Amino acid sequence: MNTPNRSYWENELYNLTYDLIIIGAGLTGLSSAYFYKQKYPEAKVLVIDRGFFPIGASTRNAGFACIGSVGELISDLELESAEIVKQRIKDRYEGLLLLRNTLGDSNIDYEPEGGWEVFDDESEFLKLKDSVPMLNDWMEDLIGETEVFKVGTYLGKHSYFNRVEGMLHPGKMIRTLHEKCLKSGIEFRWNTKIEELDSISNLVISEHGHKFQSKNLIIATNAFTNKLLPQINIKPGRGYVFITKEMPALEWFGTFHYNKGYVYFRNVGDTRILIGGGRNINYDAETTSEFGVNETIKEYLINFSNDFLKLPQGWEIEQEWSGIMGFTESKSYLIEQIDENCILAAGLSGMGVALGMNLGKKASDLV
Ligand SMILES: Cc1cc2nc3c(=O)[nH]c(=O)nc-3n(C[C@H](O)[C@H](O)[C@H](O)COP(=O)(O)OP(=O)(O)OC[C@H]3O[C@@H](n4cnc5c(N)ncnc54)[C@H](O)[C@@H]3O)c2cc1C
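Rules behind the numbers
- Residues numbered from 1 in each chain as written.
- Predicted model: local features only at pLDDT ≥ 70, side-chain atom pairs only at ≥ 80, totals over all residues.
- Heavy atoms only, no water.
- Phe/Tyr/Trp six-rings, centres within 6.5 Å; stacked < 30°, edge-to-face > 60°.
- Helix = DSSP H or I, 4+ residues; strand = E, 2+ residues; numbered from the N terminus.
- Buried < 20%, exposed > 50% of the residue type's maximum accessible area, 1.4 Å probe, protein only.
- 1 Å grid on protein atoms, 1.4 Å probe; cavity = no way out; pocket = protein on both sides within 12 Å on 5 of 7 lines; lining within 4 Å.
- Points joined across faces, edges and corners; volume = space filled by probe spheres on them.
- Domains from an automatic or database assignment.
- Near = heavy atom within 4 Å.
- Polar contact = N/O pair within 3.5 Å; in protein donor to acceptor, adjacent residues only side chain to side chain.
- Areas by Shrake-Rupley, 256 points an atom, 1.4 Å probe, with all protein chains shown as cover.
- Nonpolar A, V, L, I, M, F, W, Y, C, P; charged D, E, K, R; others polar.
- Pairing = 2+ DSSP bridges.
- Axes fitted to C-alpha atoms, helices over the stretch in contact; angles between N-to-C directions.
- Contact = heavy atoms within 4.5 Å.
- Expected span 1.5 Å × (residues − 1).
- Arc of directions from axis to C-beta.
- Parallel < 35°, antiparallel > 145°, perpendicular 65-115°, else oblique.

Chemist: Which residues make up the packing of aromatic side chains, and what are the values?
Modeler: Applying the stated criterion across every chain yields a total of 23 aromatic pairs. When the ring of Trp 252 is compared with that of Phe 265, the centres are 5.2 Å apart and the planes differ by 90°; the resulting orientation is edge-to-face. Of this pair, Trp 252 sits in the loop between β12 (235–244) and β13 (255–258) while Phe 265 sits in strand β14 (residues 263–268), placing them 13 residues apart in sequence. Neither Trp 252 nor Phe 265 differs from the other in exposure class; each is buried. Linked through ring pairs, Trp 116, Tyr 154, Phe 161, Trp 252, Phe 256, Tyr 258, Phe 265, Phe 304 and Phe 308 together constitute an aromatic cluster.

The structure is reproduced here in C-alpha coordinates:
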(Lines give C-alpha, C1' and ligand atoms only; values in the text may rest on other atoms or scores of the structure.)
Protein backbone atom coordinates (compact mmCIF):
# COMPACT_ATOMS: atom_id res chain seq x y z
CA MET A 1 0.00 0.00 0.00
CA ASN A 2 1.38 3.42 -0.90
CA THR A 3 1.06 6.09 1.80
CA PRO A 4 -1.99 8.31 1.08
CA ASN A 5 -2.10 12.05 1.80
CA ARG A 6 -3.45 12.76 5.25
CA SER A 7 -6.98 14.06 5.64
CA TYR A 8 -7.74 17.36 7.36
CA TRP A 9 -9.05 15.37 10.36
CA GLU A 10 -5.98 13.18 10.58
CA ASN A 11 -3.81 16.26 10.57
CA GLU A 12 -5.78 17.68 13.50
CA LEU A 13 -5.13 14.44 15.37
CA TYR A 14 -1.63 13.47 14.38
CA ASN A 15 0.19 16.65 13.38
CA LEU A 16 1.30 17.12 16.92
CA THR A 17 4.63 18.26 18.14
CA TYR A 18 5.45 15.99 21.05
CA ASP A 19 7.41 17.08 24.10
CA LEU A 20 9.33 13.83 23.98
CA ILE A 21 9.62 11.03 21.46
CA ILE A 22 11.39 7.80 22.37
CA ILE A 23 12.53 5.43 19.64
CA GLY A 24 12.61 1.86 20.99
CA ALA A 25 10.06 0.26 23.34
CA GLY A 26 12.40 -2.13 25.16
CA LEU A 27 13.07 -1.84 28.89
CA THR A 28 15.27 1.24 28.42
CA GLY A 29 12.88 3.15 26.15
CA LEU A 30 9.72 2.33 28.12
CA SER A 31 11.43 3.30 31.38
CA SER A 32 12.57 6.64 30.03
CA ALA A 33 9.03 7.38 28.80
CA TYR A 34 7.50 6.34 32.12
CA PHE A 35 9.79 8.38 34.37
CA TYR A 36 9.60 11.47 32.14
CA LYS A 37 5.80 11.34 32.25
CA GLN A 38 5.87 10.89 36.04
CA LYS A 39 7.92 14.07 36.26
CA TYR A 40 5.87 16.02 33.69
CA PRO A 41 2.31 14.62 33.73
CA GLU A 42 1.09 17.20 31.18
CA ALA A 43 3.82 16.38 28.64
CA LYS A 44 2.92 14.75 25.31
CA VAL A 45 5.06 11.63 25.11
CA LEU A 46 5.23 9.16 22.23
CA VAL A 47 7.07 5.82 22.07
CA ILE A 48 7.78 4.38 18.62
CA ASP A 49 8.84 0.80 17.89
CA ARG A 50 9.34 -1.13 14.66
CA GLY A 51 7.78 -4.27 16.13
CA PHE A 52 4.27 -5.49 16.83
CA PHE A 53 5.76 -5.66 20.33
CA PRO A 54 9.37 -4.76 21.22
CA ILE A 55 11.72 -6.88 19.11
CA GLY A 56 15.24 -6.68 20.37
CA ALA A 57 16.27 -8.19 23.68
CA SER A 58 13.86 -7.11 26.43
CA THR A 59 11.21 -9.81 25.86
CA ARG A 60 13.65 -12.40 24.52
CA ASN A 61 16.19 -12.63 27.33
CA ALA A 62 16.72 -15.22 30.05
CA GLY A 63 15.36 -13.12 32.90
CA PHE A 64 18.49 -13.13 35.06
CA ALA A 65 18.48 -10.06 37.28
CA CYS A 66 22.27 -10.05 37.63
CA ILE A 67 24.51 -7.75 39.61
CA GLY A 68 27.72 -9.59 38.70
CA SER A 69 29.43 -12.92 39.25
CA VAL A 70 32.95 -13.32 40.65
CA GLY A 71 34.26 -14.46 37.24
CA GLU A 72 32.53 -11.64 35.35
CA LEU A 73 33.72 -8.90 37.71
CA ILE A 74 37.31 -10.13 37.73
CA SER A 75 37.43 -10.41 33.93
CA ASP A 76 35.85 -6.92 33.68
CA LEU A 77 38.87 -5.62 35.59
CA GLU A 78 41.03 -6.65 32.64
CA LEU A 79 39.02 -4.28 30.43
CA GLU A 80 38.12 -1.37 32.68
CA SER A 81 39.24 0.35 35.87
CA ALA A 82 37.97 -0.75 39.30
CA GLU A 83 36.09 2.54 39.54
CA ILE A 84 34.07 1.81 36.37
CA VAL A 85 33.39 -1.81 37.37
CA LYS A 86 32.18 -0.64 40.79
CA GLN A 87 29.91 1.97 39.22
CA ARG A 88 28.34 -0.74 37.03
CA ILE A 89 27.63 -2.89 40.10
CA LYS A 90 25.94 0.09 41.74
CA ASP A 91 23.94 0.92 38.60
CA ARG A 92 22.70 -2.66 38.33
CA TYR A 93 21.86 -3.00 42.01
CA GLU A 94 19.98 0.30 42.13
CA GLY A 95 18.35 -0.54 38.79
CA LEU A 96 17.06 -3.83 40.14
CA LEU A 97 15.60 -2.15 43.24
CA LEU A 98 13.98 0.51 41.05
CA LEU A 99 12.52 -2.16 38.75
CA ARG A 100 11.11 -4.18 41.65
CA ASN A 101 9.70 -1.14 43.44
CA THR A 102 8.17 0.32 40.29
CA LEU A 103 6.61 -2.86 38.91
CA GLY A 104 6.08 -5.01 42.02
CA ASP A 105 7.67 -8.45 42.51
CA SER A 106 4.45 -10.40 42.03
CA ASN A 107 3.72 -8.70 38.67
CA ILE A 108 7.07 -9.76 37.21
CA ASP A 109 7.45 -13.15 38.97
CA TYR A 110 10.58 -11.92 40.71
CA GLU A 111 12.30 -14.66 42.69
CA PRO A 112 15.24 -13.70 44.92
CA GLU A 113 16.97 -17.06 44.40
CA GLY A 114 20.50 -15.65 44.14
CA GLY A 115 22.96 -16.47 41.37
CA TRP A 116 25.43 -19.33 41.08
CA GLU A 117 28.62 -19.45 39.06
CA VAL A 118 29.55 -23.09 38.54
CA PHE A 119 32.81 -24.66 37.35
CA ASP A 120 34.02 -27.98 36.07
CA ASP A 121 37.63 -26.80 35.86
CA GLU A 122 39.03 -26.66 39.40
CA SER A 123 41.98 -24.47 38.42
CA GLU A 124 39.62 -21.81 36.96
CA PHE A 125 37.66 -21.91 40.21
CA LEU A 126 40.77 -21.64 42.40
CA LYS A 127 42.17 -18.73 40.36
CA LEU A 128 39.23 -16.61 41.48
CA LYS A 129 38.99 -17.71 45.10
CA ASP A 130 41.35 -15.08 46.53
CA SER A 131 39.24 -12.33 44.97
CA VAL A 132 36.12 -13.19 46.99
CA PRO A 133 37.02 -11.20 50.16
CA MET A 134 37.90 -8.14 48.02
CA LEU A 135 34.57 -8.36 46.15
CA ASN A 136 32.69 -8.74 49.43
CA ASP A 137 34.38 -5.56 50.71
CA TRP A 138 33.37 -3.78 47.51
CA MET A 139 29.77 -4.89 47.93
CA GLU A 140 29.66 -3.69 51.52
CA ASP A 141 30.88 -0.25 50.43
CA LEU A 142 28.70 -0.04 47.32
CA ILE A 143 25.38 -1.53 48.36
CA GLY A 144 25.67 -1.92 52.12
CA GLU A 145 25.33 -5.72 52.06
CA THR A 146 27.80 -8.01 53.81
CA GLU A 147 29.02 -11.42 52.66
CA VAL A 148 27.34 -11.13 49.25
CA PHE A 149 29.58 -13.80 47.70
CA LYS A 150 30.03 -17.24 49.21
CA VAL A 151 32.27 -20.09 48.18
CA GLY A 152 30.43 -23.39 47.95
CA THR A 153 29.27 -26.30 45.84
CA TYR A 154 26.10 -26.99 43.86
CA LEU A 155 25.39 -30.62 42.98
CA GLY A 156 29.03 -31.33 43.70
CA LYS A 157 30.35 -28.58 41.37
CA HIS A 158 32.65 -25.87 42.67
CA SER A 159 30.63 -22.66 42.86
CA TYR A 160 30.47 -19.04 43.91
CA PHE A 161 27.09 -17.82 45.09
CA ASN A 162 25.85 -14.22 44.85
CA ARG A 163 22.95 -13.85 47.28
CA VAL A 164 21.59 -10.48 46.06
CA GLU A 165 20.57 -11.55 42.54
CA GLY A 166 17.34 -13.05 41.29
CA MET A 167 15.25 -14.01 38.31
CA LEU A 168 12.07 -12.77 36.71
CA HIS A 169 9.69 -13.18 33.78
CA PRO A 170 10.85 -10.75 31.04
CA GLY A 171 7.47 -10.83 29.24
CA LYS A 172 5.59 -9.87 32.39
CA MET A 173 8.19 -7.17 33.12
CA ILE A 174 7.57 -5.46 29.77
CA ARG A 175 3.80 -6.00 29.89
CA THR A 176 3.54 -4.42 33.37
CA LEU A 177 5.68 -1.46 32.36
CA HIS A 178 3.75 -0.99 29.10
CA GLU A 179 0.47 -0.98 31.05
CA LYS A 180 1.86 1.63 33.43
CA CYS A 181 2.91 3.79 30.48
CA LEU A 182 -0.56 3.50 28.90
CA LYS A 183 -2.24 4.39 32.21
CA SER A 184 -0.10 7.49 32.54
CA GLY A 185 -1.17 8.68 29.08
CA ILE A 186 1.88 7.84 26.98
CA GLU A 187 1.10 7.22 23.28
CA PHE A 188 2.51 4.35 21.23
CA ARG A 189 3.11 3.71 17.54
CA TRP A 190 3.93 0.02 16.97
CA ASN A 191 5.06 -1.44 13.61
CA THR A 192 6.73 1.87 12.83
CA LYS A 193 10.33 1.54 11.84
CA ILE A 194 12.24 4.81 11.91
CA GLU A 195 14.52 5.14 8.92
CA GLU A 196 15.77 8.69 9.31
CA LEU A 197 16.23 11.17 12.07
CA ASP A 198 17.47 14.71 12.32
CA SER A 199 18.94 15.05 15.79
CA ILE A 200 19.04 18.85 15.54
CA SER A 201 15.41 19.50 14.58
CA ASN A 202 14.24 16.23 16.23
CA LEU A 203 12.22 15.24 13.21
CA VAL A 204 11.93 11.47 12.77
CA ILE A 205 10.68 9.79 9.62
CA SER A 206 9.35 6.24 9.35
CA GLU A 207 10.05 3.80 6.52
CA HIS A 208 6.59 4.64 5.13
CA GLY A 209 7.31 8.36 5.17
CA HIS A 210 5.36 9.28 8.32
CA LYS A 211 6.91 12.26 10.07
CA PHE A 212 6.96 12.83 13.81
CA GLN A 213 8.18 16.07 15.36
CA SER A 214 9.36 16.44 18.91
CA LYS A 215 11.01 18.98 21.19
CA ASN A 216 13.15 16.22 22.69
CA LEU A 217 14.27 12.84 21.51
CA ILE A 218 15.58 9.73 23.30
CA ILE A 219 17.07 6.98 21.17
CA ALA A 220 16.82 3.62 22.97
CA THR A 221 17.43 1.24 20.08
CA ASN A 222 20.32 -0.70 21.69
CA ALA A 223 21.76 -3.19 19.16
CA PHE A 224 20.15 -1.40 16.21
CA THR A 225 21.43 2.09 17.02
CA ASN A 226 24.12 2.04 14.39
CA LYS A 227 21.50 1.98 11.61
CA LEU A 228 20.15 5.34 12.79
CA LEU A 229 23.37 6.84 14.13
CA PRO A 230 26.26 5.36 12.11
CA GLN A 231 28.83 7.29 14.18
CA ILE A 232 27.94 5.29 17.31
CA ASN A 233 30.01 2.20 17.88
CA ILE A 234 27.61 -0.42 19.23
CA LYS A 235 28.02 -3.90 17.78
CA PRO A 236 25.09 -6.34 17.62
CA GLY A 237 25.48 -9.74 19.25
CA ARG A 238 22.93 -12.47 18.76
CA GLY A 239 21.94 -14.57 21.75
CA TYR A 240 20.37 -18.03 21.54
CA VAL A 241 18.08 -19.58 24.15
CA PHE A 242 16.01 -22.73 24.45
CA ILE A 243 13.55 -24.03 27.00
CA THR A 244 12.97 -27.72 27.66
CA LYS A 245 9.74 -29.63 27.77
CA GLU A 246 8.57 -30.55 31.25
CA MET A 247 10.86 -32.96 33.10
CA PRO A 248 10.06 -35.16 36.10
CA ALA A 249 12.67 -34.08 38.64
CA LEU A 250 14.62 -30.89 38.13
CA GLU A 251 17.84 -30.56 40.11
CA TRP A 252 18.94 -27.06 39.15
CA PHE A 253 17.02 -24.28 40.90
CA GLY A 254 18.14 -20.66 40.58
CA THR A 255 20.18 -18.76 38.02
CA PHE A 256 23.52 -20.23 36.94
CA HIS A 257 26.52 -18.99 34.96
CA TYR A 258 29.18 -21.18 33.46
CA ASN A 259 32.38 -20.41 31.54
CA LYS A 260 32.63 -16.70 32.40
CA GLY A 261 28.90 -16.31 31.79
CA TYR A 262 29.07 -17.44 28.15
CA VAL A 263 26.65 -20.20 29.10
CA TYR A 264 23.72 -19.61 31.44
CA PHE A 265 20.76 -21.64 32.64
CA ARG A 266 17.88 -21.39 35.10
CA ASN A 267 14.77 -23.23 36.18
CA VAL A 268 11.43 -22.04 34.81
CA GLY A 269 8.88 -23.22 37.35
CA ASP A 270 9.48 -26.63 38.88
CA THR A 271 9.74 -28.69 35.73
CA ARG A 272 11.58 -26.83 32.96
CA ILE A 273 15.03 -25.49 32.41
CA LEU A 274 16.09 -22.63 30.14
CA ILE A 275 19.59 -22.74 28.66
CA GLY A 276 21.29 -20.09 26.57
CA GLY A 277 24.50 -18.49 25.41
CA GLY A 278 27.43 -20.11 23.64
CA ARG A 279 28.19 -17.06 21.47
CA ASN A 280 31.90 -17.65 22.05
CA ILE A 281 31.65 -20.90 20.04
CA ASN A 282 30.97 -19.02 16.81
CA TYR A 283 31.61 -15.43 17.69
CA ASP A 284 31.91 -13.90 14.20
CA ALA A 285 28.70 -15.48 12.92
CA GLU A 286 26.85 -14.18 15.98
CA THR A 287 27.96 -10.58 15.45
CA THR A 288 24.76 -9.92 13.57
CA SER A 289 21.47 -8.07 13.98
CA GLU A 290 19.57 -10.84 12.14
CA PHE A 291 17.47 -13.20 14.27
CA GLY A 292 18.08 -16.90 13.74
CA VAL A 293 19.45 -20.16 15.13
CA ASN A 294 23.10 -21.15 14.79
CA GLU A 295 23.11 -24.96 14.64
CA THR A 296 26.72 -25.22 15.93
CA ILE A 297 25.80 -23.31 19.07
CA LYS A 298 22.61 -25.29 19.51
CA GLU A 299 24.57 -28.54 19.36
CA TYR A 300 27.12 -27.20 21.85
CA LEU A 301 24.36 -26.31 24.32
CA ILE A 302 22.66 -29.68 23.86
CA ASN A 303 25.96 -31.42 24.65
CA PHE A 304 26.43 -29.15 27.65
CA SER A 305 22.94 -30.09 28.88
CA ASN A 306 23.78 -33.79 28.63
CA ASP A 307 27.37 -33.77 29.85
CA PHE A 308 27.44 -31.05 32.50
CA LEU A 309 23.84 -30.62 33.60
CA LYS A 310 23.12 -34.32 33.20
CA LEU A 311 19.51 -33.70 32.21
CA PRO A 312 17.42 -36.90 32.37
CA GLN A 313 17.56 -39.14 29.30
CA GLY A 314 14.98 -38.30 26.67
CA TRP A 315 14.74 -34.59 27.56
CA GLU A 316 13.60 -32.42 24.66
CA ILE A 317 13.60 -28.80 23.56
CA GLU A 318 10.14 -27.26 23.62
CA GLN A 319 10.95 -23.85 22.14
CA GLU A 320 13.99 -21.96 20.93
CA TRP A 321 14.54 -18.35 19.98
CA SER A 322 17.13 -15.64 19.56
CA GLY A 323 17.44 -12.00 20.55
CA ILE A 324 19.91 -9.27 19.70
CA MET A 325 22.13 -7.53 22.25
CA GLY A 326 24.11 -4.32 21.75
CA PHE A 327 27.79 -4.29 22.81
CA THR A 328 29.99 -1.26 23.32
CA GLU A 329 33.73 -1.60 22.96
CA SER A 330 34.40 -1.44 26.70
CA LYS A 331 31.13 -2.98 27.98
CA SER A 332 29.98 0.28 29.59
CA TYR A 333 26.59 1.50 28.40
CA LEU A 334 26.35 4.78 26.49
CA ILE A 335 24.28 7.66 27.74
CA GLU A 336 25.14 10.74 25.80
CA GLN A 337 23.83 13.90 24.31
CA ILE A 338 23.85 13.51 20.52
CA ASP A 339 22.59 17.07 20.05
CA GLU A 340 21.12 19.69 22.32
CA ASN A 341 17.77 17.92 22.76
CA CYS A 342 18.63 14.44 21.61
CA ILE A 343 19.87 11.73 24.00
CA LEU A 344 21.17 8.26 23.31
CA ALA A 345 20.75 5.51 25.94
CA ALA A 346 22.00 2.20 24.58
CA GLY A 347 24.75 -0.42 24.53
CA LEU A 348 23.76 -2.44 27.59
CA SER A 349 26.30 -5.05 26.52
CA GLY A 350 24.39 -8.22 27.22
CA MET A 351 23.27 -7.50 30.78
CA GLY A 352 20.32 -5.15 30.83
CA VAL A 353 17.61 -6.61 33.02
CA ALA A 354 18.86 -5.12 36.30
CA LEU A 355 20.29 -2.08 34.54
CA GLY A 356 17.71 -1.09 31.90
CA MET A 357 15.22 0.83 34.03
CA ASN A 358 18.00 2.76 35.74
CA LEU A 359 19.46 3.73 32.36
CA GLY A 360 16.04 4.77 31.05
CA LYS A 361 15.46 6.92 34.13
CA LYS A 362 18.89 8.54 33.76
CA ALA A 363 18.04 9.39 30.14
CA SER A 364 14.72 10.96 31.16
CA ASP A 365 16.52 13.04 33.82
CA LEU A 366 18.81 14.44 31.12
CA VAL A 367 15.92 15.71 28.97
C1 LIG B 1 19.02 -14.20 24.35
C2 LIG B 1 19.29 -13.09 25.32
C3 LIG B 1 19.39 -13.38 26.68
C4 LIG B 1 19.63 -12.34 27.58
N5 LIG B 1 19.61 -12.63 28.90
C6 LIG B 1 19.77 -11.64 29.81
C7 LIG B 1 19.66 -11.91 31.18
O8 LIG B 1 19.32 -13.02 31.59
N9 LIG B 1 19.92 -10.90 32.06
C10 LIG B 1 20.25 -9.65 31.63
O11 LIG B 1 20.51 -8.77 32.46
N12 LIG B 1 20.29 -9.35 30.32
C13 LIG B 1 20.04 -10.31 29.41
N14 LIG B 1 20.05 -10.01 28.08
C15 LIG B 1 20.25 -8.60 27.69
C16 LIG B 1 19.02 -7.72 27.94
O17 LIG B 1 17.88 -8.38 27.46
C18 LIG B 1 19.23 -6.37 27.23
O19 LIG B 1 20.40 -5.77 27.72
C20 LIG B 1 18.08 -5.39 27.47
O21 LIG B 1 16.83 -6.01 27.25
C22 LIG B 1 18.23 -4.19 26.54
O23 LIG B 1 17.07 -3.41 26.61
P24 LIG B 1 16.88 -2.18 25.62
O25 LIG B 1 15.55 -1.61 25.87
O26 LIG B 1 18.03 -1.24 25.75
O27 LIG B 1 16.99 -2.81 24.15
P28 LIG B 1 15.92 -3.71 23.36
O29 LIG B 1 15.10 -4.51 24.26
O30 LIG B 1 16.68 -4.40 22.29
O31 LIG B 1 14.97 -2.62 22.71
C32 LIG B 1 15.30 -1.87 21.57
C33 LIG B 1 14.02 -1.62 20.80
O34 LIG B 1 14.29 -0.70 19.74
C35 LIG B 1 13.47 -1.04 18.65
N36 LIG B 1 14.07 -0.46 17.45
C37 LIG B 1 15.31 -0.66 16.99
N38 LIG B 1 15.53 0.07 15.87
C39 LIG B 1 14.37 0.74 15.61
C40 LIG B 1 13.97 1.65 14.59
N41 LIG B 1 14.78 2.00 13.62
N42 LIG B 1 12.71 2.14 14.62
C43 LIG B 1 11.85 1.77 15.62
N44 LIG B 1 12.20 0.92 16.61
C45 LIG B 1 13.44 0.41 16.62
C46 LIG B 1 13.47 -2.58 18.64
O47 LIG B 1 12.37 -3.10 17.94
C48 LIG B 1 13.46 -2.89 20.13
O49 LIG B 1 12.15 -3.13 20.60
C50 LIG B 1 19.81 -11.00 27.13
C51 LIG B 1 19.70 -10.72 25.78
C52 LIG B 1 19.43 -11.75 24.88
C53 LIG B 1 19.31 -11.42 23.42
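Picking up after the structure, the text goes on.
Chemist: I'd like to hear about unusual backbone geometry, residue by residue, with values.
Modeler: Here the phi dihedral of Asn 222 falls at roughly 35°; this positive angle occurs in a residue that is not glycine. Although it is not a glycine, Lys 331 sits at a positive phi angle of roughly 105°. The topology assignment puts Lys 331 in the loop between β16 (317–327) and β17 (334–339). Exposure remark for Lys 331: the relative accessible area of 17% places this residue in the buried category.

Chemist: Can you tell me about the layout of surface pockets, naming the residues and giving the values?
Modeler: In this approach, a probe sized like a water molecule rolls over the atoms, and the result shows the empty space that is left. Volume-wise, the second largest pocket comes out at about 500 Å³. Around the second largest pocket sit 21 residues that line it, and His 169, Pro 170, Ile 243, Val 268 and Trp 321 are the ones nearest its centre. Secondary structure elements with two or more residues in the lining of the second largest pocket: α7 (170–183), β14, β15 (272–277) and β16. Of the domains in this structure, domain 1 (17–60 + 171–234 + 330–366) and domain 2 (238–327) are the two that each give at least three residues to the lining of the second largest pocket.

Chemist: Could you give me a rundown of the site of the ligand, with the residues and numbers involved?
Modeler: The full set close to the ligand counts 36 residues, and Thr 28, Asp 49, Arg 50, Ser 58 and Phe 64 are the nearest of them. One of the backbone nitrogen or oxygen atoms of Gly 63 is found 3.4 Å away from an oxygen atom of the ligand. For the ligand, an oxygen atom lies 2.9 Å from a polar atom in the backbone of Val 353. In the complex, the protein chains occlude 98% of the 1000 Å² of accessible area that the ligand would expose alone. Counting residues per element, the shell around the ligand draws most heavily on β16, at three residues. Of the residues assigned to the shell around the ligand, the class counts are 18 nonpolar, 14 polar and four charged.

Chemist: Quick one: what's the story with the sheet that holds β16, residue by residue and with numbers?
Modeler: Two orientations exist for strands paired in a sheet by backbone hydrogen bonds: parallel and antiparallel. With respect to topology, eight strands assemble into an open sheet ordered β5-β6-β4-β13-β14-β15-β12-β16, the strand pairing being mixed. Taken across any chain shown, the strands that pair with only one partner, and hence form the sheet edges, are β5 (149–154) and β16. Within the sheet, the average angular offset between the axes of one strand and its neighbour, ignoring direction, is 25°. Pairing between strand β4 (residues 115–119) and strand β6 (residues 157–162): five bridges, direction antiparallel. From the neighbouring strand, Phe 119 faces β6, where its bridge partner is His 158. Sheet strands touched by helix α6 (residues 131–143): β5 and β6. Its angle to β5, the strand with the most contacts, is close to 130°.

Chemist: Break down α7 for me, citing the residues and quoting the values.
Modeler: Taking 1.5 Å per residue, 14 residues should reach 20 Å; α7 reaches 20 Å between its end C-alpha atoms and fits that length. Those residues of α7 that sit buried are Pro 170, Met 173, Ile 174, Thr 176, Leu 177 and Cys 181. Seen end-on, α7 carries its buried residues on one side only, within an arc spanning 165°. Contacts made by the buried residues of α7 are with α2 (27–39), α4 (82–103), β8 (187–189) and α10 (356–366). Just downstream of α7 lies Gly 185, where phi reads positive at about 95°.

Chemist: Can you break down the packing of α4 against α10 residue by residue, with the values?
Modeler: Where α4 meets α10, the closest approach of the two axes is 7 Å, and the angle between their N-to-C directions is 90°. Compared by their axis directions, α4 and α10 come out roughly perpendicular. Along the contact surface, α4 presents Asp 91, Glu 94, Gly 95, Leu 98, Leu 99, Thr 102 and Leu 103, while α10 presents Met 357, Asn 358, Lys 361 and Lys 362. Along the lines of polarity and charge, the residues of the contact of α4 with α10 split into four nonpolar, three polar and four charged.

Chemist: Quick rundown of the side chain of Ser 159? Include the residues and the values.
Modeler: Note on placement: Ser 159 falls in strand β6. Here Lys 157 takes part through its backbone oxygen, which lies 2.9 Å from a polar atom of the side chain of Ser 159.

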